[in-house]
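# Breakdown of the fold
Single-letter residue listing:
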There are 2 protein chains.
Amino acid sequence: MPTESEIISKIRARARPNQQVIAGIGDDAAVIRFGGKCLIACCDLVVEGVHFRTQWAAPGLIGHKALAATISDVAAMGGSPKFAMVSLALPRATPAEFIEGLIEGIFEVAESYGVSIIGGDTSISPGPLLIDTSLIGECESERAIRRSGARVGDVIFVTGSLGASALGLLLLEQGYRLGGELIEESPIGRARHQAIKRHLMPEPRLREGQMIARAGLASAMIDISDGLSTDLWHILDESGQGAILHADAIPIAEAVAALQASGFAVDPLQLALSSGEEYELLFTCHPEDCSRLSELSSALSVPITAIGQIVPGKSLQLERGGALEEVSPCGYEHRI
Amino acid sequence: MPTESEIISKIRARARPNQQVIAGIGDDAAVIRFGGKCLIACCDLVVEGVHFRTQWAAPGLIGHKALAATISDVAAMGGSPKFAMVSLALPRATPAEFIEGLIEGIFEVAESYGVSIIGGDTSISPGPLLIDTSLIGECESERAIRRSGARVGDVIFVTGSLGASALGLLLLEQGYRLGGELIEESPIGRARHQAIKRHLMPEPRLREGQMIARAGLASAMIDISDGLSTDLWHILDESGQGAILHADAIPIAEAVAALQASGFAVDPLQLALSSGEEYELLFTCHPEDCSRLSELSSALSVPITAIGQIVPGKSLQLERGGALEEVSPCGYEHRI
């Protein structure tokens, strides 16, 4: 079976140009001229046993994450999500309360981010539970931030910190649960709780993406759903550039640092490079504009950290202690 | 587990009003004011083993039907589909050629109906193949035809003829295949071929829906995806009315009549009332406007048949030989 990127390449190669389409297949969301506005649209599919497990999270959290991930795609373009459609394939034995919890989780995240649910579809599933959410939104005309705009000399930035989502997944696999018995009241317990919450209940950086777009501060942007190295590769690939990342600059999540300090066997840098479903924004900024980012970071109370720069070439290198090493995309692989 | 309509009712009750939303949950598609235009959006989910079987049809036909069904929802509102997103959940062992065939089928139907594929998502599926297609289109401002507009005295019409899709499904279950050995070169063989093709490769009545809307000829409209009786119920329920259907007036598909005449044990009326996935348009028309429908029918070369009328009350009755009998929705039930 071909990989996801091979399938997307095939679909992209097959698609015909359309003058109304400003950005089509291959970005976080599509951007279209519609009426007098710029319409943004995307969808995100999550499958039980691949993206989530019903034993790991209450149905409300599953619904929350499904729509939050799609909103994050709109955030990565600097757009505003407005309307959502939700398709649900439900195993025949799904209890009514589970479905109600799932729907409530979807509505809660929709309302938090100003999204109206306008439709959808449901079906029985002879296999796993599956949720596909589509979003329609707006962006300022021609202001949508593509993956393809990074230029040599641009500085690479990331919002927030990285690694906690993958750590949360690791802890869930080890039997830890939100509110479960294994999570004791202690600094380590709180770090575990933080990491699991980060994995199960991500919040899209919607306001951050919109402010970055409005201020014209990003030449390219993506949300970290597959992992820093893989998602940076997407920017490099679309922009036709290379990059150097500075290992010491990559912001490591507190929970990761706390668990490592307590003796938990984890490589924080590796985790930060590969942790998917972080939903932080990764973007590039022209050097002259970088100073304005610190003001924005203060205004938003969100760390925005310079972690590298765009260089000529086609490779991604990691600078550690003055030495450079090649990095290949080592993103999050969904397991069955 | 609750039924599909119970789930939709719950979602609909939970949704908050939004002034931009002209039609939301509970119609064939949502209609939204967007950028000075009227935007139409809908999605349709099909699941292997529920809506299709990979042994019954080439992958191109599966892709064709998935998108055709969604286009039919736009047709039922009188709109024009413009952009599609396609989400695919693929079993791990899916061969590359299968995926290529599926994508090609989707692109072919998209191009036939003026739709550009602008995005989507893919995932591994630990269970069945699943396709969710979302459409974004346009309709003339405030001209979208809802399910809720039927009034007492309106005449009920249907395009084309009914029953062939359910017959095709029956034949597939009995081992007949498109191009298979069991389908001989004879009038019966051709009828079987016709019925199976109708089931596997439906064409949405897009132009018909648009012409009906443009001419202002329908007070309510729906596409027949669940079966005549069930879909008429949807109109009656949304419009708060009852209806009488005339058994002798319901147009039976040629293939159904031919197979019945040859001794195949089938009840054509029952088939026509219950056959889902017909993708014919079912609509109501003010009595004064009915004469204009025969011109439209000639212009389109598509039969448009009066099959009943809207009456006061809350029931659906079938008139047969002068006697009235209650009809309960007996639509297509997807089987696992």
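Residues numbered from 1 in each chain as written. Chains lettered and ligands numbered in written order. Predicted model: local features only at pLDDT ≥ 70, side-chain atom pairs only at ≥ 80, totals over all residues. Heavy atoms only, no water.

Before going further, it helps to examine the interface of chain A and chain B. Across the contact, 68 residues belong to chain A and 68 residues belong to chain B. Taken together, both faces of the contact between chain A and chain B bury some 5,800 Å²; the carbon and sulfur share is 70%. It is Met 1, Arg 14 and Phe 34 of chain A that lose the most area in chain A upon contact with chain B, and together they represent 12% of the buried surface on that side. The salt bridge involving Glu 100 of chain B is made with Lys 10 of chain A; its shortest N-O contact spans 3.5 Å. Joining chain A to chain B, the criterion identifies 18 residue pairs in polar contact (both at pLDDT 80 or more). Elements supplying a minimum of two residues to the side of chain A that touches chain B: helix H1 (4-14), strand E2 (30-34), strand E3 (37-47), strand E4 (80-91), helix H3 (96-112), strand E5 (116-125) and strand E6 (130-139) of chain A. Here the side of chain A that touches chain B is composed, by residue class, of 37 nonpolar, 16 polar and 15 charged. (Contact = heavy atoms within 4.5 Å. Buried area = accessible area lost by both parts, 1.4 Å probe. Salt bridge = Lys/Arg side-chain N within 4 Å of Asp/Glu carboxyl O. Polar contact = N/O pair within 3.5 Å; in protein donor to acceptor, adjacent residues only side chain to side chain. Helix = DSSP H or I, 4+ residues; strand = E, 2+ residues; numbered from the N terminus. Nonpolar A, V, L, I, M, F, W, Y, C, P; charged D, E, K, R; others polar.)

This part is about the environment of Met 211 of chain A. Residues and elements named next belong to chain A. Along the chain, the position of Met 211 falls in helix H6 (residues 206-214). Considered as a pair, Met 211 and Leu 293 are 82 residues apart in the sequence and their alpha carbons are 10 Å apart. Sequence-distant contacts of Met 211, that is, excluding residues within four places in its chain, are made with Leu 296 and Leu 300.

Our focus in this paragraph is helix H5 (residues 187-200) of chain B. All names here are of chain B. Under the 1.5 Å per step criterion, the end-to-end length of H5 is 20 Å for 14 residues, consistent within 8% with the ideal 20 Å. Taken together, the buried positions of H5 are occupied by Gly 189, Ala 191, Arg 192, Ala 195, Ile 196, His 199 and Leu 200. Burial along H5 is one-sided: seen end-on, the buried residues are contained in an arc of 160 degrees. Residues of H5 that are buried in the fold lie against helix H2 (59-75), helix H4 (164-173) and helix H8 (254-261). (Expected span 1.5 Å × (residues − 1). Buried < 20%, exposed > 50% of the residue type's maximum accessible area, 1.4 Å probe, protein only. Arc of directions from axis to C-beta.)

Turning next to the relation of the copies chain A and chain B. Superposing chain A onto chain B takes a rotation of 180 degrees combined with a translation of 0.0 Å along the rotation axis, leaving an RMSD of 0.1 Å. Within this description, the copies of the chain are treated as partners about a two-fold rotation axis. Interface overlap between copies: 99% of the residues of chain A at the interface are likewise at the interface in chain B, consistent with a symmetric, same-surface contact. (Least-squares fit on C-alpha atoms with pLDDT ≥ 70 in both.)

With that settled, the discussion passes to the sheet that holds strand E1 (residues 21-23) of chain A. One key point about sheets: their strands pair by backbone hydrogen bonds, in either a parallel or an antiparallel sense. Residues and elements named next belong to chain A. Taken in spatial order, the 6 strands of this open sheet run E1-E2-E3-E6-E4-E5, and their pairing is mixed. The strands lining the two open edges of the sheet, one partner per strand, are E1 and E5. Neighbour-to-neighbour, the strand axes of the sheet open up by a mean angle of 20 degrees, direction not taken into account. The pairing of E2 with E3 spans 5 bridges and is classified as antiparallel. Directly across from Arg 33, in E3, lies its bridge partner Cys 38. The strands that H3 touches are E4, E5 and E6; relative to E4, the one it contacts most, it runs at about 170 degrees. (Pairing = 2+ DSSP bridges. Axes fitted to C-alpha atoms, helices over the stretch in contact; angles between N-to-C directions.)

This part takes up empty space enclosed by the protein. Think of a ball as big as a water molecule: rolled over the atoms, this probe shows where empty space is left. The full count for this structure, using the stated rule, is 1 cavity of 30 Å³ or more. By volume, the largest cavity is sized at about 40 Å³. Considering the residues around the largest cavity, the lining is formed by Val 86, Leu 88, Ile 103, Ile 106, Phe 107 and Ile 117 of chain A together with Ile 11 of chain B. Mapped onto the lining of the largest cavity, the elements with two or more residues apiece are E4 and H3 of chain A. Top contributing element to the lining of the largest cavity by residue count: H3 of chain A, with 3 residues. Taken together, the residues of the lining of the largest cavity break down into 7 nonpolar, no polar and no charged. (1 Å grid on protein atoms, 1.4 Å probe; cavity = no way out; pocket = protein on both sides within 12 Å on 5 of 7 lines; lining within 4 Å. Points joined across faces, edges and corners; volume = space filled by probe spheres on them.)

Below, the discussion takes up H8 of chain B. Residues and elements named next belong to chain B. Here H8 has its buried residues at Ala 255, Val 256 and Leu 259. The buried side chains of H8 occupy one side of the element, clustering within an arc of 100 degrees when seen end-on. Projecting away from the buried face of H8 at angles above 90 degrees are the exposed residues Glu 254 and Ala 261. Phi turns positive, to about 100 degrees, at Gly 263, one or two residues after H8.

This part covers the confidence of the model for chain A. For chain A, mean pLDDT is 94; residues scoring 70 or higher make up 98% of the total. The ipTM assigned to the predicted complex is 0.94, against a pTM of 0.95. (pLDDT = per-residue confidence, 0-100.)

Here the structure, examined in full by the defined rule, presents 3 aromatic pairs over all chains. Here the aromatic rings of Phe 34 of chain A and Phe 34 of chain B are separated by 5.8 Å at their centres, their planes lie at 85 degrees, and the arrangement is edge-to-face. With one member in each of two chains, Phe 34 of chain A in strand E2 and Phe 34 of chain B in strand E2 (residues 30-34) form a pair that bridges those chains. In terms of burial, Phe 34 of chain A and Phe 34 of chain B fall into one category: buried. Between the aromatic rings of Phe 157 of chain B and Phe 283 of chain B, the centroid separation amounts to 5.6 Å while the plane-to-plane angle is 20 degrees, which identifies the pairing as stacked. Here Phe 283 of chain B lies in strand E10 (residues 281-285) and Phe 157 of chain B lies in strand E7 (residues 155-159), a separation of 126 residues in the sequence. Its relative accessible area of 0% is what places Phe 283 of chain B among the buried residues. For the cation-ring pair, Lys 37 of chain B lies above Phe 34 of chain A, with the distance from its terminal atom to the ring centre recorded as 5.9 Å. (Phe/Tyr/Trp six-rings, centres within 6.5 Å; stacked < 30°, edge-to-face > 60°. Lys NZ or Arg CZ within 6 Å of the ring centre and 35° of its normal.)

Quick look at the sheet that holds strand E3 (residues 37-47) of chain B now. Residues and elements named next belong to chain B. A sheet is described by the order of its strands in space; here 6 strands give the open sequence E1-E2-E3-E6-E4-E5, paired in mixed fashion. For this open sheet the edge positions go to strand E1 (21-23) and strand E5 (116-125), each flanked by a neighbour on one side alone. Strand-to-strand twist across the sheet, computed as the mean angle between neighbouring axes with direction ignored, equals 20 degrees.

Keep in mind that most residues, glycine aside, have a negative phi and that most peptide bonds are trans. Residues and elements named next belong to chain A. The residue Glu 277 is not glycine, and still its phi comes out positive at about 55 degrees. Tracing the chain through its elements places Glu 277 in the loop between helix H9 (268-274) and strand E10 (281-285). Taking relative accessible area as the criterion, Glu 277 reaches 3% and is therefore assigned buried. Residue Tyr 279 is not a glycine yet carries a positive backbone phi of 55 degrees. Its place among the elements puts Tyr 279 in the loop between H9 and E10.

It is worth spelling out the pairing of E2 of chain B at this point. All names here are of chain B. For E2, the buried fraction is high: 4 of the 5 residues fall into the buried class. Examined bridge by bridge, E1 and E2 share 2 bridges and lie antiparallel to one another. Each bridged residue has a counterpart across the sheet, and for Val 21 the counterpart in E2 is Ile 32. The antiparallel pairing of E2 with E3 creates a hairpin that spans 2 residues between the two strands, and Gly 35 there sits at a positive phi of about 60 degrees.

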